[in-house]
Amino acid sequence: MDDYIENKLRVRQYIDYTPYKLRDWIDEDNLDLYGLKSNPRALNYIINKYGIKSLRTKEVPMGLFYMNPNSMLILEKEEKDLWYRQTYWVHLSQNPVAYDLLMDRIDLESTTARRLNYTQRIDWSYIPVNPCMLPMLESQKYKRKYKFKYDENRIGYNPNPLCMNLIKKLEFNTDLLYYVCANNSYDTTAYIKTHLDKMTKKCWDALSENKYAIKILEENMDKINWKRLSFNQNASRILEKNMDKIYWTGLSCNPGAIHILEKNIDNICWHTILANPNPNIEKIIEENLDNVMNTNNTPMNQEDYEKYKWACLSQHPNLINMLEKNQNKIDYKCLSMNESIFEIDYEALVLRISIFKEELIGYAWNPERFQDWCLTNKEREEISKRFD
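Residues numbered from 1 in each chain as written. Predicted model: local features only at pLDDT ≥ 70, side-chain atom pairs only at ≥ 80, totals over all residues. Heavy atoms only, no water.

**Overview of the pattern of salt bridges**
We count it as follows: The term salt bridge refers to a pairing of a side-chain nitrogen on Lys or Arg with a carboxyl oxygen on Asp or Glu at a separation within 4 Å. Only runs of H or I of at least four residues qualify as helices and only runs of E of at least two qualify as strands under DSSP, and these elements are numbered from the N terminus.
Within this structure, the stated rule accounts for 10 salt bridges. Two residues, R23 and E343, come together in a salt bridge whose shortest N-O distance is 3.6 Å. Of the two residues, R23 is situated in the loop between β1 (20–22) and α2 (33–37) and E343 in strand β2 (residues 342–344); the sequence distance between them amounts to 320 residues. The partner of K143 in a salt bridge is E152, and the shortest N-O contact between them spans 3.3 Å.

In structure tokens, the structure reads:
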């Protein structure tokens, strides 16, 4: 039970409890409900504007809503409402906080004689890589019962750091090693180093994109896949020494390569830089907007590229200021999925914490805690001796 609680607390990090409000300049009438349902910050806005029933309307595709961790704030409170249990389990299988619902469904599927269609069944291909499913993956009871339903090697790709203990217990094979090499969520290098002599080309290709593996890659330069390395956000040190081997299409969307891109504007691939999540990308795009507007370095025709470009810009969370200046070009379907159209509602935040404000102040500024925070060990000993 302690392991279960620890795992549940860890995956709860995926839920955002911060209160948000829509930015003043956003045209609400143009927002798309389908896009909003996939926006992790839009849950309260949808409930207040459209009502909670809008989350259950089948007229609007809801797959992205069910993959949204914040959807659990609604679904876990509606256990008596069996509507959500009838469909979208393919998407819920990917939700990183849906452990209780998924376990109930797994048990239900194992006991029902009724044949379920694809959307009504658990998608077992996602179970070994879902961070919340670690207790089930570790359970001998469920392992014996359901092991044949999923590829155990895919646990190596699970983003839950606690999975490393389970990975070490699995029987070693190169497929498992490949998934561990491709795991870019936490440091797996200790495991990789113990099996370095068993690495295949496929493993080295995956490792080239692993942000934690820079030291290993520097010691094995002949094994690097330079195309994959160009996507590696921690590889700028290696790439700067090997500029002739850079794959610029990949580097252009690399959030860790902004300083290289700024010095090599002519080499930027403008139709992939729009996918770069670095907050500083706005400066490069704004200063080179003509290049983005009139690029010839794209497989699309100009009209299709314009639509693609503004769709990407509209969905980019770090370009919200540029979008405000170009409201007539916004793709509102994509903008609806952009979490930056919402900003923190500080008034709601102040109101929410006001109920325990006095208690929090009293606890935080208790004399004993004040001494712990503000005094050195020597000062505390001196006070203790003087007033003992």
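Here the narrative resumes, following the displayed structure.
**Some words on the packing of aromatic side chains**
Counted only if it meets this: Each Phe, Tyr or Trp ring, with Trp reduced to its six-membered ring, pairs with another whose centre is within 6.5 Å; inter-plane angles below 30 degrees give stacked pairs, above 60 give edge-to-face pairs, and intermediate values give tilted ones. Exposure is judged per residue with a 1.4 Å probe applied to protein chains only, and the accessible area is read against the type maximum: over 50% gives exposed, under 20% gives buried, and values in between give partly exposed. The criterion is that NZ of a Lys, or CZ of an Arg, lies within 6 Å of the ring centre and within 35 degrees of the ring normal, and then a charge sits over that ring.
Taken as a whole and assessed by the stated rule, the structure comprises 6 aromatic pairs. Here W124 and Y150 contribute two aromatic rings whose centre-to-centre distance is 6.1 Å and whose plane-to-plane angle is 10°, an arrangement assigned as stacked. Residue W124 is found in the loop between α7 (99–111) and α8 (134–138), and its partner Y150 is found in the loop between α9 (140–146) and α10 (163–169); the two are separated by 26 residues along the sequence. On the basis of relative accessibility, which here comes to 8%, the residue Y150 falls in the buried class. A connected cluster of aromatic rings, assembled from ring pairs, spans W124, Y142, Y146 and Y150. In this structure, K198 packs its charged tip against the face of F172, placed 5.5 Å from the ring centre. Here the guanidinium or amino end of K227 rests over the ring plane of Y247, the centre of that ring lying 4.9 Å away.

**Remarks on the state of the cysteines**
By definition, a disulfide links the sulfur atoms of two cysteine residues through a covalent bond. For clarity, the cut-off: Any cysteine sulfur atom paired with another within 2.5 Å is treated as part of a disulfide.
Scanning all chains against the criterion turns up 0 disulfides. The thiol of C253 is unpaired, and the distance to the nearest cysteine sulfur, on C269, comes to 8.5 Å. Overall, the relative accessible area of 19% leaves C253 in the buried class. The class for C269 is buried, based on a relative accessible area of 3%.

**Describing the environment of A348**
Of note, A348 is situated in helix α25 (residues 346–353). Residues A348 and K21, spaced 327 residues apart in sequence, show a C-alpha to C-alpha distance of 9.2 Å.

**So, the side chain of N225**
Applied cut-off: In the analysis that follows, any N or O atom pair within 3.5 Å is treated as a polar contact, provided that within protein one partner can donate a hydrogen and the other can accept it, and provided that, for residues neighboring in sequence, both atoms belong to side chains. By the convention used here, residues are in contact when the closest approach between their heavy atoms is within 4.5 Å.
Positionally, N225 belongs in the loop between α14 (214–218) and α15 (226–229). A polar contact is formed between the side chain of N225 and the side chain of D205, at a distance of 3.1 Å. A polar contact of 3.1 Å, which involves the side chain of N225, links it to the backbone nitrogen of K227. The contacts of N225, once residues within four sequence positions are left out, are D205 and S208.

**Observations concerning the environment of K193**
If you trace the backbone, K193 turns up in helix α12 (residues 189–194). Note: C-alpha distance between K193 and A213 (20 residues apart in sequence) is 9.9 Å.

**Here's the deal with helix α11 (residues 174–182)**
When α11 is considered as a whole, its buried residues turn out to be L176, L177, Y179, V180 and C181. Turning to α11, the residues buried within the fold contact α10, α12 and α13 (201–207).

**Focus: the nonpolar core**
Rules: For our purposes a nonpolar core is just a set of buried Ala, Val, Leu, Ile, Met, Phe, Trp, Tyr and Cys residues, chained together by side-chain atoms within 4.5 Å.
Residues M133, M136, L207 and I341 are the most contacted members of the largest nonpolar core, which totals 96 residues. Here this core takes 5 residues from α7, the largest share from any one element. Setting aside its immediate chain neighbours within four residues, M133 contacts Y99, L102, M103, I106 and I127.

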